[in-house]
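Chain by chain, the residues run as shown.
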Amino acid sequence: MKQEFVWGFVGCGWAASDMAEAFLKSGRKIHGVYCRNTESCEKFAEKYGVLNTYKTAEELFSDKEITALYIATPHHVHFEYIKKAVECGIHVLCEKAITVNEQQYDDVWSANGKDVKIAEAMTVYHMPLHRSLSRRVISGEFGKTNLIQVNFGSTKPYDMENRFFSKKTAGGALLDIGVYALACAEMYTNKSIESIITEAEFAESGVDKSFGAVIKREDGQIVTVTCSLCSKLPKKIIISCDKAYIEIENYPRADSALIVYNDGHTERVCEGKSENALIYEVENFEKDPYSYQIHTKNVMHIVSELKNTWGLFYECEN
C-alpha cells in the first residue's frame, strides 16, 4: 500500500505494541520510535521492523521525514509532545486521555498554525458499529433519547506509586477509564449540557479511584456514568429511547449491539470487527481526523468540570 503518512512513535509500552501490531496487519510501516528507555526502544524497533530509533525526543522531532506521530506515553506528558509536534508541523494521533484538562486541549489547538491534524486515539469514535448506530439514535429513529447509562470498572494493583494511582502521572479512574465512558456517551447525544452532579472516592495519593456522575442535557436527557479502578464493572452502555433501548457490551471495541423494542421484539446489529479497532483508528485519522473533534472537546470539558468539582489537580498542571 502507498505510505501517505510517514509515522513516528513516542512510547514503547503495551499500547504502542498493540498499535504496532495493527500497523503490521494493515501494511503500514513505522519510520522511527523514541522512548526514554533506550534498550526498550531498540527491542521494540527490532520486533516491529522500525527503521530508526532515537535517543532523545529532539532527535525524533529533527527527523524531517516524519509527517505523523503516534503518542503512547502516560497522559501527563501528552501535552508537551503534542505541542512540540504542532510546532514542527507533524500530525498527531494521541492516546487517551489526549490531555489532562480542557485548557491544555484548547492550548494545542490555539498553537496549531500549520493546519496540523490532531486526533485522539479513542477506539469508541472509530468503531463502525458506533458510527452507524449513533446516527440512527440521533436521527430519532428510536424516538427521543431519555437515558444513557454507561459503566467501566477494573481492578488495578492498589499501589500509589504506579501510574494508575500516582498524582505525578495524572492517575485515577477519570483519565484512565472514565474518558472511555464519557466518549461513548458523547457518541449517542448531540444535546447541550445543563448540569453535572458528581461524587468521587479518593485514593491515598489524592487521585480518584472511583467516581459517579449524573449529566443532565437539554431535552431532559440524563446520562449516568460510573467508573472504578478498584471494582469490576461490565464495559456496558444502555441507551434508552421512547421506542426501544439499546445494549452494547464491551463498548470500547464493540462490534455488536442488541436493540430491544417496546413490543418485545429484538434486533441484533453487527458491524465491524473488534480485532480491527486500532486499524479503524489509523484509517479514519488518515482520511478525516476532524470527524469527532467536537466529541473530544466535549469530553475534555466534562473532565475539567468533574476535576474542578472534586478539587483535583495534577502536578503536571502547575
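As shown above, the structure is provided for reference.
Residues numbered from 1 in each chain as written. Predicted model: local features only at pLDDT ≥ 70, side-chain atom pairs only at ≥ 80, totals over all residues. Heavy atoms only, no water.

**A word on the sheet that holds strand β7 (residues 145–155)**
To keep it simple, the criterion reads: Any two strands with at least two DSSP bridges between them are considered paired. Numbering of helices and strands runs from the N terminus, with a helix taken as a DSSP run of H or I at least four residues long and a strand as a DSSP run of E at least two residues long. Axis definition: a line fit to C-alpha positions, over the contact stretch in the case of helices; interaxial angles, taken between N-to-C directions, run 0 to 180 degrees. Throughout, a contact is declared for two residues whenever any of their heavy atoms are within 4.5 Å.
Across the sheet, which stays open at both edges, the eight strands sit in the order β8-β9-β10-β7-β11-β12-β13-β14 with mixed pairing between neighbours. Looking at which strands have only one partner, the edges of the open sheet turn out to be β8 (193–202) and β14 (266–270). When the angles between neighbouring strand axes are averaged without regard to direction, this sheet yields 15 degrees. Relative to strand β13 (residues 256–261), helix α7 (residues 128–138) is tilted by about 20 degrees, and along the sheet it contacts β7, β11 (230–241), β12 (244–249), β13 and β14. Set on the sheet, helix α10 (residues 293–310) makes contact with β8 and β9 (208–217); between it and β8 the angle comes to about 55 degrees.

**Describing the environment of F202**
Counted only if it meets this: Only protein chains enter the accessibility calculation, which uses a 1.4 Å probe; a residue whose area is less than 20% of its type maximum is buried, one above 50% is exposed, and one in between is partly exposed.
By the secondary structure assignment, F202 is in strand β8. The partly exposed category is assigned to F202, whose relative accessible area is 33%. In sequence terms F202 and L312 are 110 residues apart; their C-alpha atoms lie 9.7 Å from each other. With near-sequence residues (within four places) excluded, F202 lies in contact with V207, D208, K209 and W310.

**Focus: the environment of T169**
Relative to the assigned elements, T169 resides in the loop between β7 and α8 (173–187). T169 sits in the buried class, given a relative accessible area of 17%. Separated by 95 residues in the primary sequence, T169 and P74 place their C-alpha atoms 6.8 Å from one another. In this structure, T169 is in contact with H75, H76 and R163, ignoring residues within four places of it in sequence.

**Points about the packing of aromatic side chains**
Counted only if it meets this: Any two rings among Phe, Tyr and Trp, with Trp reduced to its six-membered ring, count as a pair given centres within 6.5 Å; such a pair is stacked if its planes are under 30 degrees apart, edge-to-face if over 60, and tilted if neither.
Summed over the entire model, instances satisfying the criterion amount to 15 aromatic pairs. Aromatic pair W7 and F23: ring centres 5.5 Å apart, planes at 85 degrees, arrangement edge-to-face. With W7 in strand β1 (residues 7–10) and F23 in helix α1 (residues 14–25), this pair connects stretches of sequence that are 16 residues apart. Of the two residues examined, W7 and F23, each falls in the buried class. Between F9 and F23, the ring centres sit 5.2 Å apart and the planes meet at 90 degrees, which makes this aromatic pair edge-to-face. Taken as a pair, F9 in strand β1 and F23 in helix α1 lie far apart in primary sequence, 14 residues in all.

**Some points on the pairing of β12**
Side-chain alternation along β12 places A244, I246 and I248 on a buried face and Y245, E247 and E249 on a face that remains uncovered. The antiparallel hairpin formed by β11 and β12 contains two residues in its connecting segment. Pairing between β12 and β13: four bridges, direction antiparallel. Across the sheet, residue A244 finds its bridge partner in β13, namely Y261. Adjacent in sequence and paired antiparallel, β12 and β13 are bridged by six residues, among which N250 carries a positive phi angle near 50 degrees.

**Observations concerning helix α4 (residues 78–87)**
When α4 is considered as a whole, its buried residues turn out to be H78, F79, Y81, I82, A85 and V86. Looking one or two residues past α4, G89 carries a phi angle of roughly 75 degrees, positive in sign.

**A look at the nonpolar core**
What counts, and what does not: What makes a nonpolar core is a set of buried Ala, Val, Leu, Ile, Met, Phe, Trp, Tyr and Cys residues whose side-chain atoms join them at distances within 4.5 Å.
The biggest cluster of nonpolar side chains holds 82 residues, and the ones touching the most others in it are Y188, I248 and Y251. With twelve residues, the single largest contributor to this core is α8. Counting 28 residues, the second-largest nonpolar core is a separate cluster that includes A20, A45, A68 and L93.

**A closer look at the sheet that holds strand β4 (residues 68–71)**
A sheet is described by the order of its strands in space; here six strands give the open sequence β3-β2-β1-β4-β5-β6, paired in parallel fashion. Only two strands of the sheet have a single partner each, and these edge strands are β3 (52–54) and β6 (118–121). Within the sheet, the average angular offset between the axes of one strand and its neighbour, ignoring direction, is 20 degrees. Examined bridge by bridge, strand β5 (residues 91–95) and β6 share four bridges and lie parallel to one another.

**Examining the pairing of β9**
Summarising the sheet, β8 and β9 pair through nine bridges and their orientation is antiparallel. In the sheet register, S195 faces β9, and the bridge partner there is K216. Following β8, the chain reverses through five residues before pairing antiparallel with β9; G206 in that reversal takes a positive phi of roughly 100 degrees. The pairing of β9 with strand β10 (residues 222–228) spans seven bridges and is antiparallel. In the sheet register, K216 faces β10, and the bridge partner there is I222. Hairpin remark: β9 followed by β10, antiparallel, with four residues in the connecting loop; positive phi at D219, about 70 degrees.

**A word on the side chain of T189**
Selection criterion: Here a polar contact means two N or O atoms within 3.5 Å. Within protein one must be a hydrogen donor candidate and the other an acceptor candidate, and residues neighboring in sequence count only if both atoms are side-chain atoms.
Structurally, T189 can be placed in the loop between α8 and β8. T189 gets classed as buried once you look at its relative accessible area, which sits at 3%. Here the side chain of T189 touches K191 through a polar contact of 3.2 Å, landing on its backbone nitrogen. Contact partners of T189, with chain neighbours within four places excluded, come to I138, I148, R217 and Q221.

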